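Here are the chains, one letter per residue:
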Amino acid sequence: MLKDSEIFAGFSEDEYEAAMSHISAGTRSYRKGQLIFTAGDVTDRLGVVISGSVSVEASDMAGNVTLLGLVDGDGYFAETYALLGAPMMVDVRANTDCRVHFLRVRGVNFPGTWGMKLTRNLLTMTARKNLHLSERSFINAAKTIRRKVMSYLNAVSLRENSRDFTIPFDRQQLADYLNTDRSALSKELCRMRDEGLLTFRKNHFALHV
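Residues numbered from 1 in each chain as written. Predicted model: local features only at pLDDT ≥ 70, side-chain atom pairs only at ≥ 80, totals over all residues. Heavy atoms only, no water.

Sorry, what's going on with the overall build of the chain here?
Tallying secondary structure elements over the chain gives six helices and eleven strands in all. Here the chain has a C-alpha radius of gyration of 19 Å; the compact-globule value for 209 residues is 17 Å, and the two agree. Along the longest, intermediate and shortest principal axes, the C-alpha atoms of the chain span 60 × 40 × 30 Å. Expressed as a percentage of the 209 residues in the chain, the buried residues total 40%. Just so you have it, the chain exposes about 11000 Å², and 53% of that area is on carbon and sulfur atoms. Measuring between centres, the 27 positive side-chain charges of the chain sit 4 Å from its 24 negative side-chain charges. (Helix = DSSP H or I, 4+ residues; strand = E, 2+ residues; numbered from the N terminus. Rg over C-alpha atoms; globule rule 2.2 N^0.38 Å. Buried < 20%, exposed > 50% of the residue type's maximum accessible area, 1.4 Å probe, protein only. Areas by Shrake-Rupley, 256 points an atom, 1.4 Å probe, with all protein chains shown as cover. Lys, Arg positive; Asp, Glu negative; His and termini not counted. Charge placed at Lys NZ, Arg CZ, Asp CG, Glu CD.)

What follows is the structure, given as structure tokens:
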């Protein structure tokens, strides 16, 4: 439910209804692979994923794609671009068939207590996204595939407070996220498994170090 998303954390039912009357911009459905936003777009709306998932991607002039993240149920995207009105530097694409509700957050008055809560929540969301981007920078600063893999899996393990967890990426998406080749990644994962560092099945991992 949209009301359960982070942007409306701490809202009463009346505050939620008042906010929606001001900022709701409707729900749209997308087919897998369909573009939602394209690099260069300017928007005043952030998106909240109601069902399915979307991918956030960066492409270079040669057409190489780097996966920056996946956003699924009640997750959000494009909030910084919507708030600032800056041209988007990424593409946002439907990773699966999905439904997205859009909220206008620029050029809209946020009155009363719900306005203060919304501003606080948007600040928290933006700060959390900045932490995620910093984490990804540390991971991709590693010099080898093994170090990238271990940095990423250790970060997920810390977030989940478990050595046994499921990641949101399939193998190709993980390779894109780590900015490496899928075949080389698969070979390195098999070597790490054979050395007893970890076990995995599809996107479920268990760390043994």
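That was the structure; now back to the text.
Would you mind going over the sheet that holds strand 8 (residues 98-104) with me for this structure?
Across a sheet, strands are paired by hydrogen bonds formed along the backbone, either parallel or antiparallel in direction. Here we have four strands laid out as an open sheet, ordered 1-8-3-6, and antiparallel in their pairing. Because the sheet does not close on itself, it has two edges, and the strands there are strand 1 (24-30) and strand 6 (76-77). Where strand 1 lies against strand 8, five bridges are found, and the strand directions are antiparallel. Within the sheet, the bridge partner assigned to Tyr 30 lies in strand 8 and is Cys 98. Taken strand by strand, helix 1 (residues 13-23) contacts strand 1 and strand 8, and its axis lies near 85 degrees from that of strand 8. (Pairing = 2+ DSSP bridges. Contact = heavy atoms within 4.5 Å. Axes fitted to C-alpha atoms, helices over the stretch in contact; angles between N-to-C directions.)

I'm lost on the side chain of Ser 157 in this one. Help?
Tracing the backbone shows Ser 157 in helix 4 (residues 145-160). For Ser 157, a relative accessible area of 6% gives the class buried.

I tried to follow the sheet that holds strand 9 (residues 164-166) on my own but got confused; where do I start?
With antiparallel pairing, the three strands of this open sheet are ordered in space as 9-11-10. Every other strand in the sheet has two partners, leaving strand 9 and strand 10 (198-201) as the edge strands with one partner each. The mean angle between the axes of side-by-side strands here comes to 15 degrees, regardless of whether they run parallel or antiparallel. One ladder, built from three bridges, connects strand 9 with strand 11 (residues 204-207); its direction is antiparallel. Its bridge partner lying in strand 11, Asp 164 is registered against Ala 206. Along the sheet, helix 6 (residues 182-194) contacts strand 10 and strand 11; its crossing angle with strand 10, the most-contacted strand, is approximately 130 degrees.

Can you help me understand the packing of helix 4 against helix 6 in this one?
Packed helix pairs are specified by the crossing angle of their axes together with the interaxial distance, meaning the distance between the axes. Relative orientation of the contacting elements helix 4 and helix 6 amounts to 75 degrees, with a least axis distance of 10 Å. Classified by the interaxial angle, the pair formed by helix 4 and helix 6 is roughly perpendicular. For the pair formed by helix 4 and helix 6, the contact residues are Ile 145, Arg 146, Val 149 and Met 150 on the first element and Ala 184, Leu 185, Glu 188, Leu 189, Arg 191 and Met 192 on the second. A breakdown of the residues in the contact of helix 4 with helix 6 according to their chemical character gives seven nonpolar, no polar and three charged. (Parallel < 35°, antiparallel > 145°, perpendicular 65-115°, else oblique. Nonpolar A, V, L, I, M, F, W, Y, C, P; charged D, E, K, R; others polar.)

Can you help me understand unusual backbone geometry in this one?
Trans peptide bonds make up most of the peptide bonds, and negative phi angles are found at most residues other than glycine. Here the phi dihedral of Asp 74 falls at roughly 70 degrees; this positive angle occurs in a residue that is not glycine. Tracing the sequence through the fold places Asp 74 in the loop between strand 5 (65-71) and strand 6. A relative accessible area of 26% means that Asp 74 is categorised as partly exposed. You will see that Ala 78, though not glycine, has its phi angle at about 70 degrees, which is positive. Tracing the backbone shows Ala 78 in the loop between strand 6 and helix 2 (79-84).

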